[in-house]
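So the chains spell out like this:
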Amino acid sequence: MGEMNRRDVVRFLGAVPVAAAFTWTDTNILSVSRTMAERRAAHGSTFEPQFFTAHEYETVTVLVDLVLPRDTRSGSATDAGVPEFMDFMMIDRPDNQIPMRGGLAWLDSECRERFGKNFVECSTDQQTAMLDAVAWPDKAPKSLTHGVAFFNSFRDLTATGFW
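Quick caveat: nothing in here was measured; it's all calculated off a predicted structure.

J.: Explain the nonpolar core here, please?
T.: Soluble globular proteins tend to bury their nonpolar side chains together. If you look at the biggest cluster of nonpolar residues, it comprises 34 residues, and the most contacted ones within it are Phe52, Leu63, Met86, Met100 and Phe154. Elements that contribute at least two residues to this core include exactly helix 3 (54-67), helix 4 (82-92), helix 5 (97-115), helix 6 (124-135) and helix 7 (145-162). Among the elements that take part in this core, helix 7 stands out by supplying six residues, more than any other.

J.: Which parts of the structure should I look at to understand the environment of Gln127?
T.: Relative to the elements of secondary structure, Gln127 occurs in helix 6. Accessibility expressed as a relative area gives 6% for Gln127, which makes it buried. For the pair Gln127 and Cys111, spaced 16 residues apart in the sequence, the C-alpha separation amounts to 8.2 Å. Those residues within four positions of Gln127 in sequence are excluded, and the remaining contacts are Val62, Leu66, Phe119, Val120 and Cys122.

J.: So what exactly am I meant to see when it comes to helix 7 here?
T.: Each full turn of the α-helix corresponds to 3.6 residues, which orients residues three or four apart in the same direction. Spanning 18 residues, helix 7 covers 26 Å between terminal C-alpha atoms, matching the ideal 26 Å at 1.5 Å per step. Inspection of helix 7 places Gly147, Val148, Ala149, Phe150, Phe151, Asn152, Ser153, Phe154, Leu157, Thr158, Gly161 and Phe162 among the buried residues, and these make up the whole buried set. Tucked into the core, helix 7 has its buried residues touching helix 3, helix 4, helix 5 and helix 6.

Calculation rules
- Each chain carries its own residue numbering, running from 1 in the direction its sequence is written.
- With pLDDT at 70 or above as the cut-off, local features in this predicted model cover only qualifying residues; side-chain atom pairs require 80 or more to be listed or tallied, and sums for whole chains, interfaces and linings still use all residues.
- The side-chain numbers reported here are obtained from all heavy atoms of the structure, hydrogens and water having been left aside.
- Joining through side-chain atoms within 4.5 Å is the link that ties buried Ala, Val, Leu, Ile, Met, Phe, Trp, Tyr and Cys residues into a set, and such a set is a nonpolar core.
- When a residue's accessible area, from a 1.4 Å probe over protein chains only, is under 20% of the maximum for its type it is buried; when over 50% it is exposed; and in between it is partly exposed.
- Each helix is a run of H or I in the DSSP string that is no shorter than four residues. Each strand is a run of E no shorter than two, and both are numbered from the N terminus.
- A contact between two residues is defined here by any heavy atoms of the two lying within 4.5 Å.
- Expected span of a helix: the number of residues minus one, times 1.5 Å.

Shown next, in the form of structure tokens:
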């Protein structure tokens, strides 16, 4: 997927409120976990996303590690395979694909507006500032409600994949 034009961004932004509708059942999660284990066994550690574009996957990888970074007790979300988990979840639940793509597009759009570059190109301080703006729903400006909905759903999915 190349650069998005303004019309594409508006279309995606219209779908972002649906991000709050990410719903995952225990059955969905167990099914995806089994599928991931089977694919890793068959293909080794090499992973090619089937849902995310290369840029989206890079964004997801950076974002999950900001949500759950490596610490002295455990590895990061990427170490736990969360980006792969998310890719499989998007394939397994097509109704969540537009909210995910829309949220990632919103994140890049907001970063370009604030910092003049996509999320993955921002410094760690800029990425953290962007997430701080949407991570606390009670403190976020009303103009960022779409971003708050996306980030909260993304954070929940990150935690689900990590655990």
